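Below, each chain spelled out in residue letters.
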Amino acid sequence: MATTIAARARESVAGSGLSQRRLAEAIGIDETKLSKSLSGRRKFTAEELLGLATATGVTVRWLLGDESTVSAVPTGLRSPGPVTDADESSPRRLIVETAWDLFARRGYDAVRIADIAEAAGVSSAAVHYHFAGKSELFDATLEFSVKLAFDRQVAWLDEIVSPRRRLERLLELQSPIGPRARAEWSIWIQTWSRLALEDPGESAYPAGYDRWSRTVRATIVDGQDRGVFRLGDPELITDELTSVLDGLGIKVVTGIMDVPTFRDRLDAYLHRAVFTADGPPANQPTTAHPSTDEESS
């Protein structure tokens, strides 16, 4: 497994055109540690895998050798492997990531193509070369959000055996906690607003949400099979649980609820509606928090 990851990591770096120094800076680790990980002498951490996948444009699932089964594959993702300069995907990816940040912080209506071009260091013509217009570019940022969520789930959940701990971590990873996750939620919420006025059948969002729901449902079924989750229709339990998370998450993003209260409410719901009665009491939160969370809210 470690050999596979190292080999695919080297392939992704070669395809990205990034130097090891630039990549180490993007991931946030020392260049020496990166060299050891690329050679297979050091294991990448979950956070480093996320950084590597984001910087090079591959998925964490691909880096792991396509062996992870903790999350359903996003239907909107392009080829999971590394790309070459001939694919012209590096400038496209830069434009998407720049637009993602601007849309998340300023909102769709306040951002112009010229703003994205300036922030990305390219011309407006270059943006229009890759995207027919701002709407198409926003759709690409939605796909990027799906990729971020997918990569995060695979990186952090792959080695968690307990369905209970896996569900807790899965919900935590999908919650608007930390600047990056809140930016993702900004894109989600803007997408919901657009879909209220547009035909949902023309958006990639329903497929992305279905992927997320199937991931939750698979965990629910596993927990029921092991006797640690309450019995019931897993489809209904999944619908209710994801709806609770959506509602609580919106309250956090809009400032109605703070993060500690959000966690308390979610933990209480899990104990009341999902976990079996022999678990810890609801006033003792059990949600496992990723150690890399930036919990500035």
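Residues numbered from 1 in each chain as written. Predicted model: local features only at pLDDT ≥ 70, side-chain atom pairs only at ≥ 80, totals over all residues. Heavy atoms only, no water.

An unreviewed UniProt entry lists the protein under the name TetR family transcriptional regulator C-terminal domain-containing protein, from Brevibacterium metallidurans.

Participant: What am I meant to see in the UniProt feature "DNA-binding region" (unreviewed entry) in the protein here?
Facilitator: When the UniProt feature table is mapped to this numbering, "DNA-binding region" (unreviewed entry) covers residues 112-131. Span residues 112-131 is 75% helix and 0% strand, its end C-alpha atoms 13 Å apart. (UniProt positions renumbered as here; feature names shortened; annotations may be inferred. Helix = DSSP H or I, 4+ residues; strand = E, 2+ residues; numbered from the N terminus.)

Participant: When you look at the side chain of S145 in this model, what are you seeing that I'm missing?
Facilitator: Residue position: S145 is located in helix α9 (residues 134-157). Judged by relative accessible area, which is 0%, S145 ranks as buried. Setting aside its immediate chain neighbours within four residues, S145 contacts W100, E184, I187 and W188. (Buried < 20%, exposed > 50% of the residue type's maximum accessible area, 1.4 Å probe, protein only. Contact = heavy atoms within 4.5 Å.)

Participant: What should I look at first to understand the environment of D139 in this one?
Facilitator: Relative to the helices and strands, D139 resides in helix α9. Taking relative accessible area as the criterion, D139 reaches 31% and is therefore assigned partly exposed.

Participant: Looking at this structure, I do not really get the pattern of salt bridges. What am I missing?
Facilitator: Applying the stated criterion across every chain, the model contains 12 salt bridges. Between R166 and D222 there is a salt bridge whose closest N-O contact spans 3.2 Å. With a gap of 56 residues between them, R166 in helix α10 (residues 163-173) and D222 in helix α12 (residues 205-225) connect regions that are remote in the sequence. By relative accessible area, which is 12% here, R166 ends up buried. (Salt bridge = Lys/Arg side-chain N within 4 Å of Asp/Glu carboxyl O.)

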